[in-house]
Amino acid sequence: MSGSPADHRNALPPAIADGPLDESLVRVRRDFHRFAERGWMEVRTAGRIIRTLEALGWDVEYGRAVIDADARMGVPPDDTLASELQRALDQGADPDLAAELQGGFTGVVATLRGRHPRPLIAVRFDIDANNGDESSAADHRPFADGFASANEGAHHNCGHDGHTAIGLGLARVLAERRDTLPVDVRLIFQPAEEGVRGAAAMVAAGVVKDVDVFLGCHIGFQAQRVGHVIAGYRNLLASTKFDVEFTGRTAHAAMAPHEGRNGLLAAATAVQGLYAISRHGDGETHVNVGYVTGGEPRGEARNAIPARATLRGEVRGSTNAVADYMFRRARQVIEHAAGMHDVEFSLDVVGRSPAANSDQALAAIVSTAAAEIPGIDEVSQSADFHASDDVTAMMVAIQAQGGHAAYVGIGSRLDSGHHTPRFDFDERALRIAVDLLASTIDLIPAESAARLARPGAPGSARG
Ligand SMILES: [Zn+2]
Ligand SMILES: [Zn+2]
């Protein structure tokens, strides 16, 4: 269902402010879904976010002002950034904004002034698509309804298109009631969540430095029915993502194999060794190798020793300590697999996020708000996340400065699991999320005095 890119050249953003909120949320979500953009390359997406927020009267910052260049992880190579920039322009990206966002600076932060500056509330939305191709099965709704990804290799298979729409919907709702907005609100639109690459660069740029209360949400984790809400996930897993290159020496496979040094075998040894790392008694741990390739680049030779191999892996843990243990052991395995086959190796960390828990006192406020939202009929105070999300980089930064953070689950039936080609969610979840976040923001100033102690921050509970 990919129309020609020219169809959308210079097309105006589908306005979040037009028509009933439910309908505009769906329209906006489907636009982002169709023009899916992977991490650090969300040039069209971020441009639309910026123009929409400006039109709604928010103060908007973006690009290098909200992304610390040196703290970015897993930025794609320059040729990929360049071709994706051209693709975004062909698909209607604003060229003036693209100049500021290109090269891996696709973050956006917006602020709306309320009657009091504190407690400052921030809400984070991730905006990136994932690697992967979307299903073109006739019964896959995005395909059947004409909004499946037009971009090969990029698919919103984690619901971040929905999160982005929720963020803009919240921006609309708060702007409509700005005269009675009790406190300042900041919206953070974060690139490159997949691979846990983007949040740390926004933290390093200072976007959460003065935040007192922090909220974020995810669709469909441990809540797979519309109307079910999880007020604050716990046990978000720490994770480290890494790329490994093995480099040996090629040689004739029969006459001189002893002169070769086999990178492919080193990778194979490493894969077996990585999965053989012992579990840790102090917490949940995981290891995965998602991709291995190797061989000689030219000729597809079966008759030469393969010098090179590439491996992409990750480890996770329910605490930073057990996740660090997994990464330390992974590094040993890789190093010694290389040594065993007498090849060189490089190991690059391309994503990293800490473990985190939602503050249950803040989750209790979310629960209170949820009780009044039409369409919510079940509220779980908490649930284990069973995955990683680099929202944790923001959560722990805010908790370390005495603030409070909660990551909220928005229930939805899923057509198939996150990160799969047939992923889709129930769009009724979008309106529920907007209403829940808006109501929680309304409650926080009054509730924070009673429920959220913040030592050393006089005035934080005004309002
Ligand atoms: Zn994901
Ligand atoms: Zn996600």
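Above: the structure in question.
Residues numbered from 1 in each chain as written. Chains lettered and ligands numbered in written order. Predicted model: local features only at pLDDT ≥ 70, side-chain atom pairs only at ≥ 80, totals over all residues. Heavy atoms only, no water.

A. Expanded view of the overall build of the protein chain. Helices and strands together make up the secondary structure of the protein chain, namely twelve helices and 16 strands. Over its C-alpha trace the protein chain gives a radius of gyration of 23 Å, about what one expects of a compact globule, namely 23 Å for 463 residues. Along the three orthogonal principal directions, the C-alpha set of the protein chain runs to about 80 × 55 × 40 Å. By the burial criterion, 56% of the 463 residues in the protein chain qualify as buried. Looking at the protein chain alone, contacts between residues at least 24 apart form 84% of all its contacts between residues at least 6 apart. By element, 48% of the accessible surface of the protein chain is carried by carbon and sulfur atoms, the whole surface being about 18400 Å². (Helix = DSSP H or I, 4+ residues; strand = E, 2+ residues; numbered from the N terminus. Rg over C-alpha atoms; globule rule 2.2 N^0.38 Å. Buried < 20%, exposed > 50% of the residue type's maximum accessible area, 1.4 Å probe, protein only. Contact = heavy atoms within 4.5 Å. Areas by Shrake-Rupley, 256 points an atom, 1.4 Å probe, with all protein chains shown as cover.)

B. Geometry of the packing of aromatic side chains. Considering all chains together, one arrives at seven aromatic pairs under this definition. Arranged with centres 5.9 Å apart and planes meeting at 45°, the rings of F242 and F327 form a pair that is tilted. One end of the pair, F242, is in strand β10 (residues 238-247); the other, F327, is in helix α9 (residues 320-340), with 85 residues separating them in the sequence. Given the relative accessible area of 1%, F242 is considered buried. For F327, a relative accessible area of 10% corresponds to the buried category. Plain terms: the ring middles of F423 and F425 are 6.4 Å apart, the flat faces sit at 55° to each other, and that makes the pair tilted. Just as F423 is buried, F425 falls in that class too. Note that R64 overlies the ring of F105, its terminal NZ or CZ placed 3.9 Å from the centroid. (Phe/Tyr/Trp six-rings, centres within 6.5 Å; stacked < 30°, edge-to-face > 60°. Lys NZ or Arg CZ within 6 Å of the ring centre and 35° of its normal.)

C. Representation of the coordination of the zinc ion (ligand 2) in the model. The protein atoms that coordinate the zinc ion (ligand 2) are C158 (SG), H160 (NE2) and H218 (NE2), at distances spanning 2.1 to 2.4 Å. Coordination of the zinc ion (ligand 2) draws on donor residues from a single chain, spaced C-x1-H-x57-H in sequence. The metal-metal distance between the zinc ion (ligand 2) and the zinc ion (ligand 1) is 3.3 Å, with C158 coordinating both. For the pair formed by C158 and H160, the shared burial category is buried. (Donors = N, O, S within 2.8 Å, 3.2 Å for Na, K, Ca; no water.)

D. Representation of the coordination of the zinc ion (ligand 1) in the model. Those protein atoms acting as donors to the zinc ion (ligand 1) are C158 (SG), E194 (OE), E194 (OE) and H419 (NE2), and they sit at 2.1 to 2.7 Å. Given four donor atoms and angles of 52 to 148° at the metal, the environment of the zinc ion (ligand 1) is assigned as irregular. Here the donor residues of the zinc ion (ligand 1) share one chain and are spaced in sequence as C-x35-E-x224-H. Under the relative-accessibility criterion, E194 is labelled buried at 8%. Judged by relative accessible area, which is 43%, H419 ranks as partly exposed. (Tetrahedral: all angles 85-135°; square planar, octahedral: opposite > 155°, others 65-115°.)

E. Highlighting helix α11 (residues 391-400). Burial analysis of α11 places seven of its ten residues in the buried class, the great majority of the element. When α11 is considered as a whole, its buried residues turn out to be V391, T392, A393, M394, M395, A397 and I398. Among the structural elements, β3 (116-126), β6 (183-190), α7 (199-204), β7 (213-219), β13 (344-353) and β16 (404-410) are those in contact with the buried residues of α11. Once α11 ends, the next one or two residues include G402, with phi positive near 90°.

F. Layout of the environment of V123. In this fold, V123 is placed in strand β3. Given a relative accessible area of 0%, V123 falls into the buried group. Counting along the chain gives 66 residues from V123 to F189, while the straight-line C-alpha distance between them is 8.6 Å. Ignoring any residue separated from it by four or fewer positions in sequence, one finds V123 in contact with L170, R186, L187, I188, L215, L437 and I441.

G. Region of interest: helix α1 (residues 21-34). Its 14 residues place the ends of α1 20 Å apart at the C-alpha level, agreeing with the 20 Å of an ideal helix rising 1.5 Å per residue. Buried within α1 we find L21, S24, L25, V28, R29, D31, F32, H33 and R34. (Expected span 1.5 Å × (residues − 1).)

H. Geometry of the sheet that holds strand β14 (residues 378-380). Taken together, eight strands build an open sheet; the order of strands is β1-β2-β6-β3-β7-β16-β8-β14 and the sheet is mixed. Two strands close off the open sheet at either side, each with one partner strand: β1 (59-62) and β14. Between one strand axis and the next, the sheet turns by 20° as a mean value, whatever way the strands run. Along the sheet face, helix α10 (residues 360-370) touches β7, β14 and β16 and points at about 40° away from the line of β16. (Pairing = 2+ DSSP bridges. Axes fitted to C-alpha atoms, helices over the stretch in contact; angles between N-to-C directions.)

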